[in-house]
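# Structural description and commentary
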Amino acid sequence: MNFSHIRTVYLKELKDLLRDKRTIRSMIIIPMLVMPALAFGVGSIAKNVYSKARAEIPSVMILGGEDSPAVLAELRRSKKFRVVPTVADWKHSISEKKIRAAVQVPEGFAAGLAAGTTGTVVIHYYEGELKSGFAAAELEAFFRGLRERTVQARLAEHNLPATLMRPFETKRENAAPPDRVGGNALGGIIPYFIIILCFTGAMYPAMDLTAGEKERGTMETLLCSPVARVNIVLGKFCMVLTSALASMTLSLLTMTASFAIGGALWGGGGKEAGVSRLNLPPIDPAGILGVLAMVLPVAVLFSAVIFTVSLFAKSFKEAQSYVGPMMVVVIMPAVVGMLPGIDLNVRLALVPILNLSLVCREMLSGVWHWQYIAIIFGSTCLYAGLALAWAVKMFNREDVIFRA
Amino acid sequence: MIDARALTKTFPDKKRGPIHAVDRVSFHVNSGEIYGLLGANGAGKTTTLRLLATLLRPTGGTAVVSGFDIGTEPEKVRAQVGFLAASTALYGRLTAREMIAYFGRLNGLEDAEIAVRTGRLADELDMHAFLDRRCDTFSTGMKQKTSIARTLIHDPAVMIFDEPTLGLDVMTARAIVRFVHECKARRKTVVYSTHVMSEVEKLCDRIGIIHGGKLLAEGTLPELRARYGEQDLEEIFVRAVGGDPL
Ligand SMILES: Nc1ncnc2c1ncn2[C@@H]1O[C@H](COP(=O)(O)OP(=O)(O)OP(=O)(O)O)[C@@H](O)[C@H]1O
Ligand SMILES: [Mg+2]
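Figured I'd write up the structure that's included with this text. Note that the coordinates shown come from a computational prediction; the quantities given were computed from them, not determined experimentally.

### Remarks on the pairing of strand β7 (residues 158-162) of chain B
Residues and elements named next belong to chain B. By the criterion of burial, β7 is predominantly enclosed, with five of the five residues buried. In β7, alternate side chains face the same way, and those of Val-158, Ile-160 and Asp-162 on one face and Met-159 and Phe-161 on the other are all buried. Where strand β6 (residues 81-85) lies against β7, five bridges are found, and the strand directions are parallel. Within the sheet, the bridge partner assigned to Leu-84 lies in β7 and is Phe-161. Taken together, the five bridges between β7 and strand β8 (residues 189-194) define a ladder with parallel strand orientation. Considered in β8, the bridge of Val-158 is made with Thr-189.

### Observations regarding the site of ligand 1
In the vicinity of ligand 1 lie 14 residues, with Gly-42, Gly-44, Lys-45, Thr-46 and Thr-47 of chain B positioned nearest. Taken together, the residues near ligand 1 originate from chains A and B. Residue Phe-402 of chain A places a main-chain N or O atom 3.0 Å away from a nitrogen atom belonging to ligand 1. Here an oxygen atom of ligand 1 and a side-chain polar atom of Thr-46 of chain B are 2.5 Å apart. Notes on ligand 1: free accessible area 630 Å², of which the protein chains cover 72%. Broken down by secondary-structure element, the contributors of at least two residues to the shell around ligand 1 are β2 (19-29) and α1 (45-52) of chain B. Top element by residues in the shell around ligand 1 is α1 of chain B. It accounts for three residues. Residues that form the shell around ligand 1 fall into these classes: seven nonpolar, five polar and two charged.

### Description of the nonpolar core
Formed by 158 residues in total, the largest nonpolar core has its most connected members in Phe-395 of chain A together with Leu-52, Phe-83, Met-127 and Ile-207 of chain B. Contacts of Phe-395 of chain A, omitting those with residues within four sequence positions, involve Met-219, Leu-223, Arg-229, Ile-232, Val-233, Phe-307, Leu-311 and Ile-401 of chain A.

### Brief notes about a nonpolar patch on the surface
Residues Ile-45, Val-49 and Leu-130 of chain A make up a contiguous nonpolar surface patch of about 260 Å² in total accessible area. Given a relative accessible area of 55%, Ile-45 of chain A falls into the exposed group.

### Structural notes on the packing of helix α11 (residues 285-311) of chain A against helix α14 (residues 370-395) of chain A
All names here are of chain A. One way to put it is that α11 packs onto α14 with a least axis distance of 8 Å and a crossing angle of 25°. Relative to α14, α11 is oriented roughly parallel. Crossing hand, α11 versus α14: left-handed. Among the residues forming the contact of α11 with α14, the class breakdown is 23 nonpolar, two polar and no charged.

### Looking at helix α8 (residues 189-216) of chain A
Residues and elements named next belong to chain A. The terminal C-alpha atoms of α8, which comprises 28 residues, lie 39 Å apart, in line with the 40 Å expected from a rise of 1.5 Å per residue. In the structure, α8 departs most strongly from a straight axis at Asp-208, where the bend amounts to approximately 35°. Just beyond α8, the residue with positive phi is Gly-217, at close to 80°.

### Some details on the interface of chain A and chain B
The interface of chain A with chain B comprises 27 residues on the first partner and 27 residues on the second. Between chain A and chain B, a total of about 2,700 Å² is buried, with carbon and sulfur atoms accounting for 52% of that surface. Contact with chain B buries surface across chain A, with Arg-19, Pro-226 and Glu-398 of chain A losing the most and accounting together for 23% of the total. Counting the contacts that link chain A with chain B gives seven salt bridges. The salt bridge involving Arg-19 of chain A is made with Glu-98 of chain B; its shortest N-O contact spans 2.7 Å. The tally of links between chain A and chain B comes to 15 residue pairs in polar contact (both at pLDDT 80 or more). Within the residue set of the side of chain A that touches chain B, elements represented by two or more residues are α1 (3-18), α8 and α9 (218-223) of chain A. At six residues, α1 of chain A tops the list of elements feeding residues into the side of chain A that touches chain B. Residue classes in the side of chain A that touches chain B are distributed as eight nonpolar, seven polar and 12 charged.

### As for the packing of aromatic side chains
Each aromatic ring pair is specified by the distance between its two centres and by the angle formed by the two planes. For the coordinates displayed, the defined rule picks out 12 aromatic pairs over all chains. For the pair Phe-27 of chain B and Tyr-35 of chain B, a centre-to-centre distance of 4.7 Å together with 10° between the ring planes defines the contact as stacked. Residues Phe-161 of chain B and Tyr-192 of chain B carry aromatic rings whose centres are separated by 6.1 Å and whose planes lie at 45° to one another, so their mutual orientation is tilted. Within this pair, whereas Phe-161 of chain B is found in strand β7, its partner Tyr-192 of chain B is found in strand β8, the two being separated by 31 residues in sequence. With relative accessibility at 0%, the residue Phe-161 of chain B sits in the buried group. With relative accessibility at 0%, the residue Tyr-192 of chain B sits in the buried group. The ring of Tyr-91 of chain B has Lys-12 of chain A lying over it, and the distance from NZ or CZ to the ring centre is 3.6 Å. Just above the ring of Tyr-126 of chain A sits the side chain of Lys-97 of chain A; from NZ or CZ to the centre is 5.5 Å.

Rules used throughout
Residues numbered from 1 in each chain as written. Chains lettered and ligands numbered in written order. Predicted model: local features only at pLDDT ≥ 70, side-chain atom pairs only at ≥ 80, totals over all residues. Heavy atoms only, no water. Buried < 20%, exposed > 50% of the residue type's maximum accessible area, 1.4 Å probe, protein only. Helix = DSSP H or I, 4+ residues; strand = E, 2+ residues; numbered from the N terminus. Pairing = 2+ DSSP bridges. Near = heavy atom within 4 Å. Polar contact = N/O pair within 3.5 Å; in protein donor to acceptor, adjacent residues only side chain to side chain. Areas by Shrake-Rupley, 256 points an atom, 1.4 Å probe, with all protein chains shown as cover. Nonpolar A, V, L, I, M, F, W, Y, C, P; charged D, E, K, R; others polar. Core = buried A, V, L, I, M, F, W, Y, C linked by side-chain atoms within 4.5 Å. Contact = heavy atoms within 4.5 Å. Patch = residues over 30% accessible without salt bridge, like charges linked within 9 Å, V, L, I, M, F, W, Y side chains within 5 Å. Salt bridge = Lys/Arg side-chain N within 4 Å of Asp/Glu carboxyl O. Axes fitted to C-alpha atoms, helices over the stretch in contact; angles between N-to-C directions. Parallel < 35°, antiparallel > 145°, perpendicular 65-115°, else oblique. Left-handed = near helix turned anticlockwise from the far one by under 90°. Expected span 1.5 Å × (residues − 1). Bend = angle between axes of the 7 residues up to and from the residue. Buried area = accessible area lost by both parts, 1.4 Å probe. Phe/Tyr/Trp six-rings, centres within 6.5 Å; stacked < 30°, edge-to-face > 60°. Lys NZ or Arg CZ within 6 Å of the ring centre and 35° of its normal.

Right under this line is the structure:
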């Protein structure tokens with residue numbers, strides 16, 4: 001290894017790549033535009049849709065209940081929904097979204113209430129539809145209220161205390177410190193973004209510096225120089241790694257900034273309308289440093305693997321056809337890591353990418369399982385080292401470099 | 001000085017079986033001498049020269065280039081060699097000056113030395129007009145001149161040219177041929193591959209006729225004329241490779 005040679009190769013590749021308009025476009029401008037657009041766009045759309053759905057007073061129909069006029073009158077008086085005249089094919093009206101729900105009041109409902117018997121009120125709605133769900137919830141709340149009052153009246157009638165039917169109450173209270181809540185809500189999505197950004201950041205230069213050079217015929221020129229192959233590989237590899245880390249950092253910065261701005265714009269209104277806040281909740285700052293440290297070997301792993309795979313290709317296009325499908329292999333474990341309920345154990349700590357996703361989630365919420373962190377860092381470094389050694393080995397194989 | 005001894009390269013090929021691209025080729029080139037490798041398409045010229053430049057490793061035999069063995073000291077060999085082929089392109093996004101400087105640094109030269117040598121090469125090759133332009137804007141001739149400057153920046157003792165006039169117009173081709181002569185005047189060892197007979201006649205001190213990976217005949221032009229009883233190099237070539245392909 002000769003560091004001056006590695007540096008020479010690295011600086012040349014850096015200059016070359018920065019002059020490539022395609023690089024600037026795919027690695028800097030697009031992430032810097034896409035991330036804010038995503039944050040602002042998704043934020044405002046989500047807020048609009050949700051608050052509109054909330055603001056609408058749903059139309060409902062009443063089925064039956066002619067022998068319970070008091071209940072029907074009370075339903076009609078409610079401000080939470082609007083009772084519209086019943087039609088025969090009310091089911092069709094629900095599926096056509098002309099009305100949001102229909103409530104079926106059983107025969108003899110009011111009489112049953114007075115007599116102390118039981119009955120079932122059926123609420124028909126469009127499952128999975130947001131606005132219909134709201135309407136059904138309002139109808140349910142209405143009948144829950146009615147039930148409460150009925151119970152109270154029955155107890156009073158028999159001179160029994162109100163606590164008879166409610167011997168105790170249960171209540172949930174959040175005991176996690178605030179930063180852990182933030183870590184868990186966003187902890188899944190941040191590693192996912194980091195992994196993908198890291199991969200896409202390495203992708204373009206890795207293909208350009210290998211298959212692209214072969215295609216343009218500069219690889220043979222470079223190999224004519226007396227520099228040992230290992231130094232060429234390392235110089236090029238450092239460039240790929242730089243690009244992976246730089247593009248990831250840039251995207252994360254713009255993403256954080258746009259979420260913070262978006263949160264400030266919509267966070268307050270969103271909360272009133274019942275939307276969870278869009279700005280970043282507090283994250284353990286040590287967790288961020290931890291994540292960055294853990295990402296490093298993964299970035300090395302990605303860079304080396306994409307580099308080597310592209311080395312086999314004769315053209316940039318061919319390299320794309322190899323590296324494109326690899327994206328799925330990377331996204332899968334990243335997505336699995338986002339799923340709730342999957343926790344780190346020794347076996348999962350050895351699965352590359354997935355382990356990063358899981359440990360990042362923990363670190364961002366301020367949980368430090370040092371033994372897992374050590375296993376994950378160690379194993380990923382090992383994988384990264386093997387991948388890099390593979391890259392050097394393949395670069396020395398003439399049937400890879402001079403593929404006929 | 002180049003000394004090739006039974007140099008052999010066999011490419012494995014799953015479909016066609018092993019390809020003997022270079023088959024026990026031996027020749028010797030002294031410094032101040034131009035050796036012409038004459039062969040048809042697929043004769044094994046490029047492969048032979050790539051072996052000498054250590055871009056490929058031989059499957060048999062060896063060669064000594066400027067005192068270093070291509071098998072055991074490839075990096076030292078490459079430091080002695082300037083290799084120019086149709087397949088050695090320029091970095092399009094670098095300027096000619098940057099391209100030359102890059103190869104100067106890869107050869108371990110200091111920046112001050114590179115600047116001096118670049119100026120001198122630009123004088124000799126008449127490159128000043130486009131020295132600071134990006135290579136992807138160059139004409140074929142400008143590219144070839146830049147490539148030559150790139151191969152010469154470390155002042156190698158051995159120059160290897162693989163069909164350097166391919167695709168060039170007459171004027172540019174003549175400039176290259178003149179330049180190869182210049183290398184000889186500076187006592188460099190030159191190997192020059194081509195399938196153009198006239199270039200060989202004009203340029204080469206000794207000629208090797210290669211066909212099917214084998215070196216079939218070797219000698220100065222007068223020696224070859226005497227051996228085959230023909231004046232015309234083309235006739236000699238056809239006789240050497242075993243007659244017209246009909
Ligand atoms: N990397 C490789 N893998 C497999 N076969 C190869 C490889 N390189 C060359 N060959 C084969 O070796 C033989 C000699 O090729 P070579 O390129 O040396 O010929 P050449 O004399 O330079 O021809 P040309 O005039 O076309 O440049 C050919 O049959 C070619 O197909
Ligand atoms: Mg050739």
